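# Architecture at a glance
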Amino acid sequence: MAAPRSWALWSFCGRGWSRAVSGYRVPGLRSSWPRGPLGARLLSQEKEATETHFGFETVSEEEKGGKVYQVFESVAKKYDVMNDMMSLGIHRVWKDLLLWKMRPFPGTQLLDVAGGTGDIAFRFLNYVQAQHQRKQKRQLRAQQNLSWEEIARKYQNEEDSLGGSRVMVCDINKEMLKIGKQKAHAQGYKAGLAWILGDAEELPFDDDKFDVYTIAFGIRNVTHIDQALQEAHRVLKPGGRFLCLEFSQVNNPLLSRLYDVYSFQVIPVLGEVIAGDWKSYQYLVESIRQFPSQEEFKEMIEDAGFQKVTYENLTSGIVAIHSGFKL
Amino acid sequence: MVTHSLPPTPGVCMHRGHLNQQEKNERKEKPPHTFDPVLLEFLVCLLSKKPLSYEALTNELINEDLGIAYSIIDGIPNMILQAARMTHQNTKQEEMEH
């Protein structure tokens, strides 16, 4: 299995421990775990051996989920404002580019994971609606003489304006979803949109359900990225597309220096001044550094079963869009 | 002001009593918290991967076979396994109360 060194090291540690422990019962440990079948699954990942990174800190895998939750709970309200400030508005272009790469057609079923505040979902709905309107315009021009029935049909319910497209926004954080829902309401998005509180590592969907799976600036916060990728593969229909928009490694050395200075000196300060939260933004910039490079992540996606995996660097590699297909 | 008026759903009516000016403003700001039945086509139980049924009384999604109930808060189903509750114990409690 082609995996980067550090990954191979701790997945090996985890497996090594479970083999040693499988014959030995640890009753004390069980009580602290969540009840139900999930507890049995956690038995294979011993707390002491499997550690992971939380920014530049080392924490146990169990802790990471909770800490990430707290970060996003605290930044939720100012999330969009901070995105604009930190990226000088460029995040909007990145997200637009993701949609243009996706080229959804009316009828597409999209699953947007870690989509909390809805940026991708709203862009998707806009895109599909615009496409549908263009199609209707073309039809109009083609047939100038409409019958009364056809005219009457045009006045029907708005579901038609999306042509059957649907987006499900799934996020693990309640606060982010709440903000997203409020935004949707404020901006008038109703049809074709659904919100779900769910875990990227364990999606509450059946197999082969979605045409496109997106995760924008979310996957680096997931504790087990490989599990999230496997779930993505599972819920996509054959022929479905995986798209990931994420911060990545800058390929230009000069820009890299400037980016580091900006990330570590400016962003946490902005976080403190605007959102009153230095630590969360410190975590954010550190987590970017911990995320695998474009090539490494590409290999991880291939390991999950995706094919024709490619990536495209945006803004000299500050951000990259990885794409793969389930064939 | 509020230009589009949504028909009040039973859930919403129970929460808000008389709509005074302040509550009318509140209603405009808060999105409707109704559960969208479309979700029933997509969501499945995390354990059995079987479809769920919607229980309007408790506002939950239920997997009857395994007795798991996922709650719905503000119209958003909570599909985290640790947050779900087991229904079998609760039905026993209800029987004892009656």
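Residues numbered from 1 in each chain as written. Chains lettered and ligands numbered in written order. Predicted model: local features only at pLDDT ≥ 70, side-chain atom pairs only at ≥ 80, totals over all residues. Heavy atoms only, no water.

By the naming in an unreviewed UniProt entry, chain A goes by 2-methoxy-6-polyprenyl-1,4-benzoquinol methylase, mitochondrial and is assigned to Ovis ammon polii. Per UniProt, the comment on chain A under Catalytic activity (unreviewed entry) is "2-methoxy-6-(all-trans-decaprenyl)benzene-1,4-diol + S-adenosyl-L-methionine = 5-methoxy-2-methyl-3-(all-trans-decaprenyl)benzene-1,4-diol + S-adenosyl-L-homocysteine + H(+)". (UniProt positions renumbered as here; feature names shortened; annotations may be inferred.)

Moving on, we get to the overall build of chain A. For chain A, the helix and strand inventory stands at 13 helices and nine strands. Counting all 327 residues of chain A, 47% fall into the buried class. When contacts within chain A are restricted to residue pairs at least 6 apart in sequence, long-range pairs at least 24 apart make up 75% of them. A total accessible area of about 16,500 Å² is found for chain A, and carbon and sulfur atoms account for 54% of it. (Helix = DSSP H or I, 4+ residues; strand = E, 2+ residues; numbered from the N terminus. Buried < 20%, exposed > 50% of the residue type's maximum accessible area, 1.4 Å probe, protein only. Contact = heavy atoms within 4.5 Å. Areas by Shrake-Rupley, 256 points an atom, 1.4 Å probe, with all protein chains shown as cover.)

The next subject is the sheet that holds strand β4 (residues 166-171) of chain A. Residue and element names in this part refer to chain A. Here we have seven strands laid out as an open sheet, ordered β5-β4-β3-β6-β7-β9-β8, and mixed in their pairing. The strands lining the two open edges of the sheet, one partner per strand, are β5 (193-197) and β8 (307-314). Going from strand to strand, the sheet's axes swing by 15° on average, the running direction of each strand aside. As paired elements, strand β3 (residues 109-113) and strand β6 (residues 210-216) share four bridges and run parallel to each other. In the strand pairing of β6, Val113 is matched with Ile215. Contacts from helix α7 (residues 119-142) reach β3, β4, β5 and β6, with the element oriented near 175° to β4. (Pairing = 2+ DSSP bridges. Axes fitted to C-alpha atoms, helices over the stretch in contact; angles between N-to-C directions.)

All right, on to helix α6 (residues 90-102) of chain A then. Residue and element names in this part refer to chain A. Here α6 spans 19 Å end to end across 13 residues, near enough to the 18 Å set by a 1.5 Å rise per residue. Buried within α6 are the following residues: His91, Trp94, Lys95, Leu98, Leu99 and Met102. Buried residues along α6 cover an arc of 140° about the axis, so they all sit on one side. Immediately beyond the C-terminal end of α6, within one or two residues, lies Arg103, with a positive phi of roughly 45°. (Expected span 1.5 Å × (residues − 1). Arc of directions from axis to C-beta.)

A surface patch of like charges, here positive, comprises Arg134(A), Lys135(A), Lys137(A), Arg138(A) and Arg141(A). For Arg134(A), a relative accessible area of 48% puts it in the partly exposed group. (Patch = residues over 30% accessible without salt bridge, like charges linked within 9 Å, V, L, I, M, F, W, Y side chains within 5 Å. Salt bridge = Lys/Arg side-chain N within 4 Å of Asp/Glu carboxyl O. Lys, Arg positive; Asp, Glu negative; His and termini not counted. Charge placed at Lys NZ, Arg CZ, Asp CG, Glu CD.)

Let us now look at the nonpolar core. Judged by nonpolar contacts, the single largest core of 43 residues is most densely connected at Leu111(A), Phe205(A), Tyr213(A), Phe242(A) and Tyr70(B). Looking at this core element by element, the count peaks at five residues for helix α10 (residues 225-235) of chain A. Ranked by size, the runner-up nonpolar core spans 37 residues in total, among them Met102(A), Ala121(A), Ala184(A) and Trp195(A). (Core = buried A, V, L, I, M, F, W, Y, C linked by side-chain atoms within 4.5 Å.)

As a further point, take the UniProt feature "binding site: S-adenosyl-L-methionine" (unreviewed entry) in chain A. As annotated in UniProt, the feature "binding site: S-adenosyl-L-methionine" (unreviewed entry) corresponds to Thr117(A), Asp171(A), Asp199(A) and Ala200(A) in the numbering used here. Mapped onto the elements of the fold, Asp199(A) is located in the loop between β5 and β6. Ignoring anything within four residues of it in the chain, the contact list for Asp199(A) reads Ile172(A) and Ile80(B). A polar atom in the side chain of Asp199(A) sits 3.0 Å from the backbone nitrogen of Glu201(A). With respect to the helices and strands, the residue Ala200(A) is situated in the loop between β5 and β6. Once residues within four sequence positions are removed from consideration, Ala200(A) is found in contact with Val113(A), Val222(A), Ala228(A) and Glu231(A). (Polar contact = N/O pair within 3.5 Å; in protein donor to acceptor, adjacent residues only side chain to side chain.)

Where interface size is given, it is often the accessible area lost as the parts come together that is meant. The interface of chain B with chain A comprises 27 residues on the first partner and 29 residues on the second. Summed over both partners, the interface of chain B with chain A comes to about 2,300 Å²; 66% of that surface belongs to carbon and sulfur atoms. At the surface where chain B touches chain A, the tally comes to one salt bridge. Its salt-bridge partner being Glu41(B), residue Arg166(A) comes within 4.0 Å of it at the nearest N-O pair. Our count for the chain B to chain A interface comes out at five residue pairs in polar contact (both at pLDDT 80 or more). Going through the elements one at a time, α2 (21-29), α3 (39-42) and β4 (76-77) of chain B are the ones with two or more residues in the side of chain B that touches chain A. When residues of the side of chain B that touches chain A are assigned to their parent elements, the largest contribution, three residues, is made by α3(B). Grouping the amino acids of the side of chain B that touches chain A by side-chain chemistry returns 15 nonpolar, five polar and seven charged. (Buried area = accessible area lost by both parts, 1.4 Å probe. Nonpolar A, V, L, I, M, F, W, Y, C, P; charged D, E, K, R; others polar.)

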